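The lines below spell out each chain.
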Amino acid sequence: GDNRGSVFYEENIMSSCTGTAMCHEGGGRNYNRFLIAGVYILVVVGFLKHADILQQYNNYNKNGATNFGVPVPSSTSATAHAGHHIRKNNQAPSVCEAFSTPVHIFWKQFESEIKEAAVKNATWYPEQQNNNTKFRDWIDQLFRDHYQSYQVRRSAIHPPGLEVTLKLLEIISKRVNYLRDNTLSALAAPPLHILVSGGSLTSGMSCGINHVGITQPGLVRQYTECAWPARLEHLFNRVLFQSKEVVKVSNLAAGGVNSEAGKALLEYHLFPDAFDQPDIVIWSHAANDSQEKDKERAYFESIPGFVNAAHNLRICDDHLPLVVMNEEFFGQNNDISGAIYKASNWFGLMGISQRNVISHKTFANFDNDDYVKSIIDAKGKHPGMGGHIGASWTVFFNFISAFTDVCDYRRVSSSPMSITSTDVVAAKSIGPYKENDYGDISSEWKEHRDNIREMCLLSGAQEQEASTSELQSPCTYAFMVSPMPPIRTSGDVGKKMNEVLTSNTGWNAEGNLIWNPRAGFYAKEPNAHFSLKIEASIKTKYMTIMSMKSYGDNFKDTNLEVDVRIERKGDVAAAATAEVAKSSKYEVTGYHETRTSIHVPHKFELPDGGAEIGDSIVVNFRLVSGSYFKIAGLAFCRY
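In this convention, every chain numbers its residues from 1, walking through the sequence in written order. A pLDDT threshold of at least 70 governs which residues receive local features in this predicted model, and a stricter bar of 80 or more applies before side-chain atom pairs are shown or counted, although totals over entire chains, interfaces and linings include all residues. Think of the side-chain values as coming from all heavy atoms in the structure, minus any hydrogens and water.

### Notes on the overall build of the protein
Link 1 in the chain: By definition, any uninterrupted DSSP run of H or I lasting at least four residues is a helix, any uninterrupted run of E lasting at least two residues is a strand, and each is numbered from the N terminus. Scanning the protein from N- to C-terminus turns up 24 helices and 17 strands.
Link 2 in the chain: Looking at the protein as a whole, 53% of its 639 residues qualify as buried.
Link 3 in the chain: Residue pairs at least 24 apart in sequence account for 79% of intrachain contacts in the protein once pairs closer than 6 positions are excluded.
Link 4 in the chain: In the form shown here, the protein has an accessible surface area of approximately 27900 Å², with 50% of it arising from carbon and sulfur atoms. Remark: exposure states derive from per-residue accessible area (1.4 Å probe, protein chains only) relative to the maximum for the residue type, with buried under 20%, exposed over 50%, and partly exposed in between. Every residue pair with non-hydrogen atoms within 4.5 Å of one another is taken to be in contact. For accessible areas, the Shrake-Rupley method is used with a probe of radius 1.4 Å. Any residue's cover is judged against the shown protein chains and nothing else.

### Section: the sheet that holds strand E14 (residues 583-589)
The strands that make up a sheet pair up through hydrogen bonds in the backbone, lying either parallel or antiparallel.
Link 1 in the chain: Read across the open sheet, the 5 strands follow the order E8-E11-E16-E13-E14; overall the sheet is antiparallel. This sheet does not close on itself; its edge strands, each paired only once, are strand E8 (501-505) and E14. Within this sheet the neighbouring strands show an average axis-to-axis angle of 15°, counted without direction.
Link 2 in the chain: Pairs of strands are assigned from DSSP output, requiring at least two bridges between the strands. Across 9 bridges, the pairing between strand E13 (residues 559-567) and strand E16 (residues 616-625) is antiparallel. The partner of Arg565 across the bridge, within E16, is Val618. Axis angles are defined between N-to-C directions and span 0 to 180 degrees, where every axis is a line fitted to C-alpha atoms and, for a helix, only to the segment in contact.

### Some points on the packing of aromatic side chains
Link 1 in the chain: Aromatic rings from Phe, Tyr and Trp, with only the six-membered ring used for Trp, were paired whenever their centres fell within 6.5 Å, and each pair was classed as stacked if the ring planes differed by under 30 degrees, edge-to-face if by over 60, and tilted otherwise. All chains considered together, the criterion is met by 28 aromatic pairs.
Link 2 in the chain: Ring geometry for Phe300 and Tyr433: centres 5.6 Å apart, planes at 10°, overall stacked. Taken together, the residues span a long stretch of sequence, with Phe300 in helix H16 (residues 295-311) and Tyr433 in the loop between helix H20 (385-412) and helix H21 (441-459) at a distance of 133 residues.
Link 3 in the chain: The rings of Phe99, Trp107, Phe143, Tyr147, Phe236, Trp393, Phe396, Phe397, Phe399 and Phe403 are connected pair by pair, giving a single aromatic cluster.
Link 4 in the chain: Just above the ring of Tyr522 sits the side chain of Lys524; from NZ or CZ to the centre is 5.4 Å.
Link 5 in the chain: We call a charge positioned above a ring when the Lys NZ or Arg CZ atom is no farther than 6 Å from the ring centre and deviates by at most 35 degrees from the ring normal. Above the ring of Tyr542, the side-chain terminus of Lys603 is found at 4.9 Å from the ring centroid.

### A closer look at the pairing of strand E11 (residues 529-535)
Link 1 in the chain: Bridge count between E8 and E11: 4 bridges; the pairing is antiparallel. The residue of E11 that forms the bridge with Ser503 is Ser531.
Link 2 in the chain: Relative to E16, E11 runs antiparallel, the two being bridged by 7 bridges. If you follow Phe530 over to E16, its bridge partner there is Phe621.

### Comments concerning unusual backbone geometry
Link 1 in the chain: A cis amide bond, omega 0°, links Leu320 with the succeeding residue Pro321.
Link 2 in the chain: Positionally, Pro321 belongs in the loop between H16 and strand E5 (322-327).
Link 3 in the chain: Positive phi outside glycine occurs at His269, with the angle close to 55°.
Link 4 in the chain: Considering the arrangement of structural elements, one finds His269 in the loop between helix H14 (259-267) and strand E4 (280-284).
Link 5 in the chain: You can call His269 buried: its relative accessible area is 17%.

### Some points on the state of the cysteines
Link 1 in the chain: In plain terms, two cysteine sulfur atoms within 2.5 Å form what is called a disulfide here. Per the stated rule, a full pass over the model turns up 4 disulfides.
Link 2 in the chain: Two residues, Cys207 and Cys226, share a disulfide whose sulfurs are 2.2 Å apart. Of this pair, Cys207 sits in the loop between helix H11 (200-203) and helix H12 (219-226) while Cys226 sits in helix H12, placing them 19 residues apart in sequence.
Link 3 in the chain: In this structure Cys226 comes out as buried when scored by relative accessible area, which is 0%.

### Here's the deal with helix H8 (residues 133-146)
Link 1 in the chain: Helix length check: H8, at 14 residues, gives a terminal C-alpha distance of 20 Å against a target of 20 Å (1.5 Å per residue), a fit within 8%.
Link 2 in the chain: Listed as buried for H8 are Phe135, Trp138, Ile139, Leu142, Phe143 and His146. One side of H8 carries all its buried residues, which in axial view fall inside an arc of 130°. Seen from the buried face of H8, the exposed residues on the opposite side, beyond 90 degrees, are Thr133 and Lys134.
Link 3 in the chain: Polar contacts here mean pairs of N or O atoms no more than 3.5 Å apart (in protein, one a potential hydrogen donor and the other a potential acceptor; neighbouring residues in sequence count only if both atoms are side-chain atoms). Of the residues that open H8, the one with a side-chain oxygen 3.0 Å from the backbone nitrogen of Lys134 is Asn132. Under the convention used throughout, the expected extent of a helix is 1.5 Å for every residue step, that is, one less than its residue count. Within this analysis, the arc is defined by the directions that extend from the helix axis to the C-beta atoms.

### Some words on H14
Link 1 in the chain: For H14, the tally of buried residues reaches 8 of 9 residues, placing the bulk of the element in the interior.
Link 2 in the chain: Burial in H14 covers these residues: Ser259, Glu260, Ala261, Gly262, Ala264, Leu265, Leu266 and Glu267.
Link 3 in the chain: Put simply, Asn258 is the residue that caps the front of H14, since its side-chain oxygen is 3.3 Å from the backbone nitrogen of Glu260.
Link 4 in the chain: With its phi angle positive at about 55°, His269 sits one or two positions after the end of H14.

### Looking at the confidence of the model for the protein
A low pLDDT means the predicted coordinates there should not be read in detail.
Link 1 in the chain: With 78% of its residues at a pLDDT of 70 or more, the protein shows a mean pLDDT of 81.
Link 2 in the chain: pLDDT expresses, on a scale from 0 to 100, how confident the predictor is about each individual residue. Low pLDDT, under 50, characterises residues 1-5; the stretch is placed with 11 contacts to residues that sit more than four places away or in other chains.

### Re the nonpolar core
Link 1 in the chain: The term nonpolar core refers to a set of buried residues drawn from Ala, Val, Leu, Ile, Met, Phe, Trp, Tyr and Cys, joined through side-chain atoms within 4.5 Å. Core analysis: the biggest nonpolar cluster contains 67 residues, and Trp393 and Phe396 have the highest contact counts within it.
Link 2 in the chain: In terms of residues, this core owes the most to one element, H20, which gives 12 residues.
Link 3 in the chain: Counting residues in each nonpolar core, the second largest holds 46 residues, with Leu195, Leu265, Phe271 and Leu471 among its members.

### Considering the pairing of E4
Link 1 in the chain: Counting buried positions over the 5 residues of E4 gives 5, a clear majority of the element.
Link 2 in the chain: Residues of E4 alternate between two faces, with Ile280, Ile282 and Ser284 on one and Val281 and Trp283 on the opposite face, all of them buried.
Link 3 in the chain: Sheet analysis places E4 next to E5, joined by 4 bridges and oriented parallel. Note on E5: the bridge partner recorded for Ile282 is Val324.

Printed below as a string of structure tokens:
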């Protein structure tokens, strides 16, 4: 198996029993051996046959040029000949033909590729990953002892729906066909795009910590390659697609971000420039949400709010994006597990829990540091390299399982559902979360579906989604600090704030990219104040302030007063005499008793019905008590 670079390979399965014990031994007592061997050969041949179908997508000729879709003939390869009848007239085979092998066979057959993908993202120093025998032995042990298929299967909380999974396979198929024939339109075949939202664990903090002597990656590289979302992209593309970009993962996680802040990121499209619409949104906020003091609000308002914001990224699509609830391993807090199951079940989401794979072993031996390190490398809320490798394997396994299950259903079902049907309530259209099913649920869901369709028509999103894959911002002005561009450093924050600042005393853009204190707009003296003025480019009705709440002594008794008013376009008198204009005052606190630091969005309605295009939004910020405050984002938006 070491010569296979990915799932797409061809292998000579012809062999001879000459010289083996089975050839020489006779008698009826060997009948069972032949029977078992025969069944085994049939299983392997069947698997290799379907692996060859995937290979047809991804073969290369001897000169290194792409030769997608053309099987390489071989007089000794049974699988090469077996694949010829699948395709005719140079047509691409169905992706579902490739996912016809049971997932446990897939997992075993491609164990070496799955482990090798983990090795490649471990360090910046190739000689270490190539020559460190202890490291490679540990990867083998980690997979063998904790991530066999029967163990990883424990992670499945809830499967994704049929229709949305078929759509994902359709996207993969189009992309692979484009790579086979690059005369096709690249715009019509973008990579499958996965957006990951989470806190510091997901962003990659501590992901380089290990017990086998591998030099930790640099702080910046933690976020780009070491964290499990980067490993997930590498797994997909290396194991399935010979390192071609068929799957793209965007890790938008940032330290201190909970579901409420993640919702704001999605709702206001606080993404890097030219950010493509996601096909999958992975929620990974369990570690921070579980620290919330108001658990009821966090679990049954903030999480459903995040799900709705994710679904509304493609409000005119009945199925995409698929939302995945992903529970990483983050120590011994587990009261959020029930909330993840409830949300997955109610909204028909995909639910995954790495905790279910390793928690029993880890908790039972928590006083044995060496044993715990062999699984996650670091205790607490920020597991090390082993935790991130395991998280990527777990998520990858669940997607392979989902693709296999849906393709199998499609083959055997006598009446497969249509993904274009408008008569049924798609899982994405399910109404607001309820703790019980009392009442006329069917009517409520259909009403919610109709409201979404009306929002689609009113927003004009249908035309936007059809004309471009890029997301259109619903905001006049918005930013949020994250490890990804465009706002990631204190310089970025300062530049963005200077676009709208009209006065400033005592506030500064400062902080670090990775380590604490992170980049933001800080006040560090009493009575610090600043003012800004923003001209509305779209109808703007709401203001959101993303600020830090913490338990630190410097955050005690901190209160920020916010005074906002609207100056109407051309209204010179109102601009000259500000007291004439309608204004509103709000207050934001910086302290809480929960033993963690998180970023919290505070959403306020703008006065006087908001700003029309051309109006000006004038806001004054003043620290009225305390001497320390951090703003990590601002948004002035349509909703």
